[in-house]
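Analysis of the macromolecular model
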Amino acid sequence: MIAWVDAFEFLQEWPKNRRGPIFDTALRPCQRAYDGQVPISVAREAFAGFARSAKILEDVSAAMPWMTAPKTGRGGVTA
């Protein structure tokens with residue numbers, strides 16, 4: 001999971017030509033959380049909304065195929 005400070009820095013580096021209202025809506029709470037004016041959870045949710053809209057949020061609730069694939073071969077290491 002990305003830390004909210006990392007999210008704030010990520011937003012600051014986001015390309016200017018890809019910024020818009022959703023970006024602004026995410027940046028403001030991250031700035032305010034950085035300044036201690038709003039709870040971190042507010043910044044986290046705002047960033048997650050931005051990440052979903054920008055299609056950069058990975059769904060980690062589903063197991064990756066390599067985690068659930070049947071064990072084959074004789075590697076000798078249990079996953």
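Everything below is about the structure shown above.
Everything numeric here is computed off the predicted structure, so don't read it as measured data. (Residues numbered from 1 in each chain as written. Predicted model: local features only at pLDDT ≥ 70, side-chain atom pairs only at ≥ 80, totals over all residues. Heavy atoms only, no water.)

As for helix 3 (residues 40-53)
For helix 3, spanning 14 residues, the distance from its first C-alpha to its last is 20 Å, which sits close to the expected 20 Å at 1.5 Å a residue. Turning to helix 3, its buried residues are Ala43, Ala46, Phe47, Ala48, Phe50 and Ala51. Residue Lys55 follows helix 3 closely and has a positive phi angle near 60°. (Helix = DSSP H or I, 4+ residues; strand = E, 2+ residues; numbered from the N terminus. Expected span 1.5 Å × (residues − 1). Buried < 20%, exposed > 50% of the residue type's maximum accessible area, 1.4 Å probe, protein only.)

A short note on the nonpolar core
Leu11, Phe23, Leu27, Cys30, Phe47 and Phe50 are the most contacted members of the largest nonpolar core, which has 13 residues in total. Contributing elements (two or more residues each) for this core: helix 1 (4-13), helix 2 (21-34) and helix 3. It is helix 2 that contributes the most residues to this core, five residues altogether. When near neighbours in sequence (up to four residues on either side) are disregarded, Leu27 contacts Phe8 and Leu11. (Core = buried A, V, L, I, M, F, W, Y, C linked by side-chain atoms within 4.5 Å. Contact = heavy atoms within 4.5 Å.)

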